Amino acid sequence: MGSGDPSPPVPAAHFQYRRTPRDRLWALLFALAWVAAVVGGVYAIKHRNPAFIHLDYSDPASCPAHPDAARALLEALHEKHKGDWSPSQFVQFTGRWLALSAGLALLLGVAFVKLFQHHAAAMTKATVASQVAIPAAMTAVFLLNGQGTAGLVFGGLALLTAWVFSLWREQIQLATRLLGVSAHGLAANSGIITTTVLLNLAALLAVLPLGAFLGFAVMNGKAIPNPAREGRAECVDAQGQEILCCSWQPNGFAQGYSGGAVALILWVFLLANQVRVFVTSGAIAQWYFAPAGALSATRGTTMRSLKHAMGPSFGSLCLSSLVLTISQIMRQALEQAQENNREMGLIQMCLVCLAQLMWSIVEYLTKFATVMMAITGEAFLAAGRHVTDLLVRHFLNAFASTVWFTPLVIQLATLLLSGAWALVSGGSYYLAHRGSGLEATPGINASVLGGAVFLVTFFILSFLGGILLSVLDAVFVCWAIDLDSQTVSQPDVYAVFMAVPVPGRAVEQPDGDIMYGAGQQQGGGAYQPPNVAAV
């Protein structure tokens, strides 16, 4: 990943090197939102209530109804022993193990990408086979322990899974070839991995203070008697079940700030994801459309795209990530509405399903609009219109139904490797500490350590697996541009995508031949759909 010259001597066709700033208002809005969150967070720290941490919520005296009694309690607060397991002891005993496991998880992430680069077929087959092997192993365990019913359930699941995968043989082979295409593009632009990791760290650094401010904001409030007690002196609910005596009631500022902070955190993470998609797509497009043998056109591709993302297109990325943030919030609200109203009528259920479908389409088109922005440098809405026109004109929207198996393979492999590494880390810790007299709860510590390692590893592998999928999306749009231009820029990639059963994609020239060479007749200009291209 070198710096490269902004305008290489032999530019790649269809890729726009010279950019003008777009959607700058949205970049300003993002900056103002972040500054407002910091100012609100400072206010939250100065006005926090320490009772949030030190109260014993199981003691009714911790939340007296009378204000004077509550004030006296706050002045006399002290911490008490909370149980045998201690978070401080957990950090003391497992801190090094957790740090080592997290560091090795990064190496596992690199190996994860390399395996898909060089052994896509083996990884796909292993992932598919594990979906049959795991329920089959559970079947054997249950049968050996005399639990016939559970054994039959898992046995049926194993047979059903094997039968379904046998029906999907063609999709599995296609997923293998597509992952090979993605890995091929990633190998040609290895700087994408480093940039992705750095973007990940930058997103975490941007979110960490917001998360801390959010925690302090929640501490702005007071303890109140648990509403489930309904005025009872005893700490029981209407059914007589024991409950916590007290609840914490955040004040109006805390509630408003928490909602805004959560939305901003989501926006930051989605912005980082959009920058990753943009940088990956831009680097892949420069490689894809580069003339054969033109090494200068592929130097510094990742850094060039990163400069475009953090410069002229940053406002567009703020807008695209804001659209995704709104979509996520709306979909979560719809799911919450379904849970709270399980007696929906048929019309209501249809409306909810239509709304979910609408937001799914918005997210799908936003993803490809970001890819098009990375190639052409257009504003977000213009790129969305052009890529939608491109997909519809060639019936390539059907592509989504033919490659769904590829993300599934990545997700399953991520889940399996994360679970395996968590078991290895937690199990190794337990075996090394089970006889230690210094540690009171080695089993609990090992379980918590395994859970933490799983979360860290899953986060890393999901992020890196997303690189492969982003590369595949970028290559797909580049291939669609090839179809629209009736050119073939990467013959090997072209052959793989031609195996995808998508209608309406004949690209032969009038004389029956296929044009190779990345459309150099276009003189290196940015791609434009026929209906907006200059005549």
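Residues numbered from 1 in each chain as written. Predicted model: local features only at pLDDT ≥ 70, side-chain atom pairs only at ≥ 80, totals over all residues. Heavy atoms only, no water.

In the annotation of an unreviewed UniProt entry, the entry for the protein reads Choline transporter-like protein, and the organism field reads Chlorella ohadii. Its UniProt record gives the protein a comment under Sequence similarities (unreviewed entry), which states: "Belongs to the CTL (choline transporter-like) family." (UniProt positions renumbered as here; feature names shortened; annotations may be inferred.)

All right, on to the packing of aromatic side chains then. Scanning the model with the defined rule gives 12 aromatic pairs in all. For the ring pair Phe15 and Tyr17, a centre distance of 4.9 Å and an interplane angle of 70 degrees mean the geometry is edge-to-face. You'll find Phe15 and Tyr17 in the same group, each marked buried. For the pair Phe454 and Phe458, a centre-to-centre distance of 5.8 Å together with 20 degrees between the ring planes defines the contact as stacked. Taken together, the positions of Phe454 and Phe458, both in helix α15 (residues 442-485) and four residues apart, correspond to about one turn of that helix. Residue Phe454 is classed as partly exposed on the basis of its relative accessible area of 25%. Taken together, the ring pairs connect Tyr364, Phe368, Phe476 and Trp479 into an aromatic cluster. The residue whose ring lies beneath Arg19 is Phe15, and the NZ or CZ to ring-centre distance is 5.1 Å. (Phe/Tyr/Trp six-rings, centres within 6.5 Å; stacked < 30°, edge-to-face > 60°. Buried < 20%, exposed > 50% of the residue type's maximum accessible area, 1.4 Å probe, protein only. Helix = DSSP H or I, 4+ residues; strand = E, 2+ residues; numbered from the N terminus. Lys NZ or Arg CZ within 6 Å of the ring centre and 35° of its normal.)

For the rest of this paragraph, the subject is the packing of helix α13 (residues 380-393) against α15. Running from amino to carboxyl end, α13 crosses α15 at an angle of 65 degrees, the nearest separation of the two axes being 10 Å. The orientation of α13 with respect to α15, classified from their angle, is roughly perpendicular. Crossing of α13 over α15 shows left-handed handedness. Contacts between α13 and α15 pair Leu390, Leu391 and Arg393 from the former with Phe476, Val477, Ala480, Ile481 and Asp484 from the latter. The class makeup of the residues in the contact of α13 with α15 is six nonpolar, no polar and two charged. (Axes fitted to C-alpha atoms, helices over the stretch in contact; angles between N-to-C directions. Parallel < 35°, antiparallel > 145°, perpendicular 65-115°, else oblique. Left-handed = near helix turned anticlockwise from the far one by under 90°. Contact = heavy atoms within 4.5 Å. Nonpolar A, V, L, I, M, F, W, Y, C, P; charged D, E, K, R; others polar.)

A few words now on the environment of Ala137. Relative to the assigned elements, Ala137 resides in helix α5 (residues 120-144). Given the relative accessible area of 41%, Ala137 is considered partly exposed. Between the C-alpha atoms of Ala137 and Ala158, which are 21 residues apart in sequence, the distance is 9.1 Å.

All right, on to a nonpolar patch on the surface then. Nonpolar side chains collect at one region of the surface, where Val197, Leu198, Leu201, Leu204, Phe269 and Phe459 lie side by side and expose about 470 Å² of accessible area between them. Among the elements that line the nonpolar patch, the one with the most residues is helix α8 (residues 191-218), at four residues. Take Leu201: it is sitting in helix α8. (Patch = residues over 30% accessible without salt bridge, like charges linked within 9 Å, V, L, I, M, F, W, Y side chains within 5 Å. Areas by Shrake-Rupley, 256 points an atom, 1.4 Å probe, with all protein chains shown as cover. Salt bridge = Lys/Arg side-chain N within 4 Å of Asp/Glu carboxyl O.)

This next bit is on unusual backbone geometry. The backbone of Asp23 shows a phi angle near 50 degrees, a positive value even though the residue is not glycine. Of note, Asp23 is situated in the segment before α1 (24-46).

Right, let's talk about the environment of Ala369 for a bit. By secondary structure assignment, the location of Ala369 is in helix α12 (residues 346-376). Looking at Ala369, the relative accessible area reads 1%, which means it is buried. If we skip the residues at most four places from it in the chain, Ala369 touches Phe380, Ala383, Gly384 and Val387.

Turning to its location among the elements, Gln356 is positioned in helix α12. For Gln356, a relative accessible area of 14% puts it in the buried group. Apart from residues no more than four positions distant in its own chain, Gln356 is found in contact with Arg331, Leu334, Glu335 and Gln338.

Turning next to the confidence of the model for the protein. Model confidence for the protein is summarised by a mean pLDDT of 76, while 78% of its residues fall at 70 or above. For the protein, helix α3 (residues 67-75) is the element with the lowest average pLDDT, namely 47, and α1 is the one with the highest, namely 91. Within the model, the stretch residues 530-535 combines pLDDT values under 50 with six contacts to residues more than four positions away or in other chains. (pLDDT = per-residue confidence, 0-100.)

Attention now moves to α12. Here α12 contains 31 residues, and its C-alpha end-to-end distance of 44 Å stays within 8% of the 45 Å for a straight helix at 1.5 Å per residue. Looking at the residues trailing α12, positive phi occurs at Gly377, about 75 degrees. (Expected span 1.5 Å × (residues − 1).)

If you look at the biggest cluster of nonpolar residues, it comprises 96 residues, and the most contacted ones within it are Phe30, Phe116, Leu186, Tyr288, Val475, Val477 and Phe497. Ranked by residue count, the leading element in this core is α15, at 20 residues. Those residues in contact with Phe116 that lie beyond four places of it in its chain are Met123, Leu179, Ala183, Val409, Ile410, Ala413 and Leu468. (Core = buried A, V, L, I, M, F, W, Y, C linked by side-chain atoms within 4.5 Å.)

In this section: the pattern of salt bridges. The full count for this structure, using the stated rule, is two salt bridges. A salt bridge links Arg331 to Glu363; the shortest N-O distance between them is 3.0 Å. Linking Arg331 in helix α11 (residues 314-340) with Glu363 in helix α12, this pair joins segments that are 32 residues apart in sequence. The class for Glu363 is buried, based on a relative accessible area of 17%. Of the charged contacts in the structure, one is a salt bridge between Lys367 and Asp473, with a shortest N-O distance of 3.6 Å. With Lys367 in helix α12 and Asp473 in helix α15, this pair connects stretches of sequence that are 106 residues apart. With a relative accessible area of 16%, Asp473 lands in the buried category.

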